[in-house]
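Spelled out from the first residue to the last, the chains are:
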Amino acid sequence: MRGVLLGLGCLVAFSACTPSAAPPPPPAVQAAPAPARPVLGQAPPSDKAGALPVDADTGLVVAEGFELVKGQCTVCHSAKLVIQNRGDEEHWVGLIRWMQKTQGLWPFDEKTEHTIVSYLATHYGAEEGGRRPGLSARLMPPPAPRPLDDAQVQKGKAALGPLKQGLMGTLQKAIQAKGAAGAVDACHLDAPKIAQAASTTVKVGRASERLRNPGNTPPAWAAPLLRSLGQSRDVPYLTADLPGGGLGYVEPIAVGPLCLQCHGTDLAPGVQAELAAKYPDDHATGYAAGDFRGVFWAEVPAG
Ligand code: HEC
Ligand code: HEC
């Protein structure tokens, strides 16, 4: 349990993970209070000391680093998203890492990143008064999970047994009988049926952020838990309270050596052909052993 809480602590702090899991320290880099923040489409108050000019196109403050930020940070979304956000250097580095990990943001060299981060922390720094900026729901870690001896947690965990055994049994038998390429077909046909058959009053399934079958998109409640488990190590499970007294339960799935035949980097030509034919939009290759692959999820009703 301590490991779980520590893991979540690390998520909050994004980088510097201290063993004490103490609340994140107050922003250290911010000596001066953030300058007056101009609102989009509105001229900054000219009478206020320190007010800086604002770029008409983007609404970004024109100061050292502006060109770089305008060039790098408005490619995928408007600058408005940047301007609405606040935080110290640690916060901005955390956001950049998150976009690099999950949103396709490219890496920066050290000097470039430093210029971008200090521009952001200076002009879009933590709110005055030391209040840390709120992360959007997407970046918030989920609340601490219910304890393992909770009845609904037990039910969710138990309900995953038949799903795991059904999938593993089918996979191993099919690989033995027909080889990996033939087994793709068996998974294709049987995996959805196995999940359906294993769903009783407790609904169960598999999900991933890199899907092979779009039918395995996580239920809405499970998406943030999936993301959290992907970002943390050694968290055995997470839970979410569902409306009406139900409980959502998720467990991480790791990639093992066997899985690499169909989810790794060096796929046999026969496997590649089968995957291309059945899953034209396959995102589930390129894994290495030990990688996080996704989750098993269970939806436990109230009572
Ligand atoms: C390769 C594309 C890409 C680039 C380049 C990019 N971002 Fe993002 N960023 C995203 C995506 C995708 C989201 C999520 C948007 C959404 O879901 O609305 C996002 C979200 C954000 C958010 C909102 C986070 C939240 O709390 O929800 C901020 C702030 C942000 N980006 C800042 C930046 C900054 C600063 C840069 C420049 C260093 C940058 N972005 C460059 C893709 C990018
Ligand atoms: C014989 C090829 C094969 C092997 C080996 C294999 N998989 Fe898959 N995997 C598939 C196919 C095909 C699907 C899509 C099934 C479907 O249509 O629901 C899939 C789907 C998944 C999914 C559901 C999410 C998604 O992307 O659709 C997970 C999770 C998963 N596999 C994990 C694993 C793990 C973990 C292993 C090793 C224990 C493994 N797989 C081994 C072929 C394989």
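Colleague: Before we move on, can you summarise the overall build of the protein chain with the specific residues and values?
Modeller: Summing up its helical and strand segments, the protein chain has 9 helices and 4 strands in all. Reading the protein chain from its N terminus to its C terminus gives the helix and strand order α-α-α-α-α-α-β-α-β-β-α-α-β. Expressed as a percentage of the 303 residues in the protein chain, the buried residues total 27%. Residue pairs at least 24 apart in sequence account for 67% of intrachain contacts in the protein chain once pairs closer than 6 positions are excluded.

Colleague: Provide a residue-level description of the packing of helix α4 (residues 89-102) against helix α5 (residues 110-123), including the pertinent values.
Modeller: Viewed as axis vectors pointing N to C, α4 and α5 meet at an angle of 130°, and their least axial separation amounts to 9 Å. Classified by the interaxial angle, the pair formed by α4 and α5 is oblique. Handedness of the α4/α5 crossing: right-handed. In contact with E89, W92 and V93 of α4, α5 contributes V117, S118, L120 and A121.

Colleague: If you had to explain the site of ligand 2 to someone new, which residues and values would you point to?
Modeller: Neighbouring ligand 2 are 26 residues; A183, R212, N213, C259 and C262 lie closest to it. Those elements that place two or more of their residues in the shell around ligand 2 are α6 (151-198), α8 (260-263) and β4 (292-300). If you tally residues by element for the shell around ligand 2, the top one is α6, at 9 residues.

Colleague: An account of α4 is requested, with residue identities and associated values reported.
Modeller: With 14 residues, α4 should cover 20 Å at 1.5 Å per step; its first-to-last C-alpha distance of 20 Å lies within 8% of that length. Among all positions of α4, only E90, H91, W92, V93, G94, L95 and I96 are buried. Where α4 is buried, its residues touch α5.

Colleague: Outline the nonpolar core, supporting the account with residue identities and numerical values.
Modeller: V204, V250, V295 and W297 are the most contacted members of the largest nonpolar core, which totals 33 residues. Of all the secondary-structure elements, those providing two or more residues to this core are α6, β1 (203-207), α7 (223-231), β2 (238-241), β3 (247-254), α9 (269-278) and β4. A total of 11 residues in this core trace back to one element, the largest contributor, which is α6. Beyond its immediate chain neighbours, meaning those up to four positions away, V295 contacts A207, A222, L226, L229, V250, E251, P252 and I253. Counting residues in each nonpolar core, the second largest holds 17 residues, with L60, I116, V117 and L120 among its members.

Colleague: Please give an account of the sheet that holds β3 that cites residues and values.
Modeller: Reading across from one edge, β1-β4-β3-β2 is the order of the 4 strands in this open sheet, with antiparallel pairing throughout. The open sheet has two edge strands with one neighbour each: β1 and β2. When strand polarity is set aside, the average angle formed by the axes of neighbouring strands in this sheet is 20°. The pairing of β3 with β4 spans 8 bridges and is classified as antiparallel. The residue bridging V250 from the neighbouring strand is W297, located in β4. Contacts from α6 reach β1, β2, β3 and β4, with the element oriented near 135° to β4.

Colleague: Go over the pairing of β3 with me, naming the residues and quoting the values.
Modeller: Strand direction decides the pairing type here: β2 and β3, joined by 4 bridges, are antiparallel. What sits directly across from L238, in β3, is V250. Remark: 5 residues form the turn of the hairpin made by β2 and β3, two consecutive strands paired antiparallel; G244 in that turn has positive phi of roughly 85°.

Colleague: So what's going on with the environment of P257? Residues and values would help.
Modeller: Position of P257 among the secondary structure elements: in the loop between β3 and α8. Counting along the chain gives 32 residues from P257 to A289, while the straight-line C-alpha distance between them is 5.6 Å.

Colleague: Quick one: what's the story with the packing of helix α2 (residues 66-73) against α5, residue by residue and with numbers?
Modeller: Where α2 contacts α5, the two axes come as close as 9 Å, and the packing angle between them is 100°. With respect to their mutual orientation, α2 and α5 come out roughly perpendicular. Seen from α2, the contacting residues are F66, L68, V69 and Q72; seen from α5, they are T112, T115, I116, Y119 and L120. By residue class, the composition of the contact of α2 with α5 is 6 nonpolar, 3 polar and no charged.

Colleague: Got a sec to walk through α9? Specific residues and values, please.
Modeller: Because each turn of an α-helix spans 3.6 residues, side chains separated by three or four positions end up pointing in the same direction. When we look at burial in α9, the residues that qualify are V271, E274 and L275. Buried positions in α9, seen along its axis, are confined to an arc of 95° and lie on one side of it. Exposed and facing more than 90 degrees away from the buried side of α9 are P269, A276 and A277. Lining the buried residues of α9 we find α6 and α8.

So, how was this worked out
Per chain, residues are indexed from 1 in the order of the written sequence. The order in which chains are written sets their letters, starting at A; the order in which ligands are written sets their numbers, starting at 1. Restriction of local features to residues with pLDDT of at least 70 applies here, the model being predicted, together with a cutoff of 80 or more for giving and counting side-chain atom pairs; totals for whole chains, interfaces and linings are based on all residues. Only runs of H or I of at least four residues qualify as helices and only runs of E of at least two qualify as strands under DSSP, and these elements are numbered from the N terminus. With C-beta atoms placed from the backbone, the exposure class of a residue follows from how many other C-beta atoms lie within 10 Å of its own: 20 or more, buried; 12 or fewer, exposed; in between, partly exposed. For every residue pair, C-beta atoms are placed from the backbone, and the pair is scored as a contact if these atoms sit within 7 Å. Every axis in this analysis is a line fitted to C-alpha atoms, fitted for helices over the stretch in contact. Angles between the N-to-C directions lie between 0 and 180 degrees. Here is the rule for angles: anything less than 35 degrees is roughly parallel, anything more than 145 is roughly antiparallel, 65 through 115 is roughly perpendicular, and the remaining ranges are oblique. Rotating anticlockwise by less than a right angle from the far helix to the near helix defines a left-handed crossing, while the corresponding clockwise rotation defines a right-handed one. Residue proximity rests on one test: whether the C-beta atom, placed from the backbone, lies within 6 Å of the molecule or strand. Working rule for helices: expected span equals 1.5 Å times residues minus one. In plain words, the nonpolar core is the set of buried Ala, Val, Leu, Ile, Met, Phe, Trp, Tyr and Cys residues that C-beta atoms within 7 Å link up. Here the rule is simple: two strands pair whenever DSSP picks up at least two bridges between them. Residues were grouped as follows: Ala, Val, Leu, Ile, Met, Phe, Trp, Tyr, Cys and Pro as nonpolar; Asp, Glu, Lys and Arg as charged; and all remaining residues, including Gly, as polar. When we speak of the arc, we mean the arc of directions from the helix axis to the C-beta atoms.

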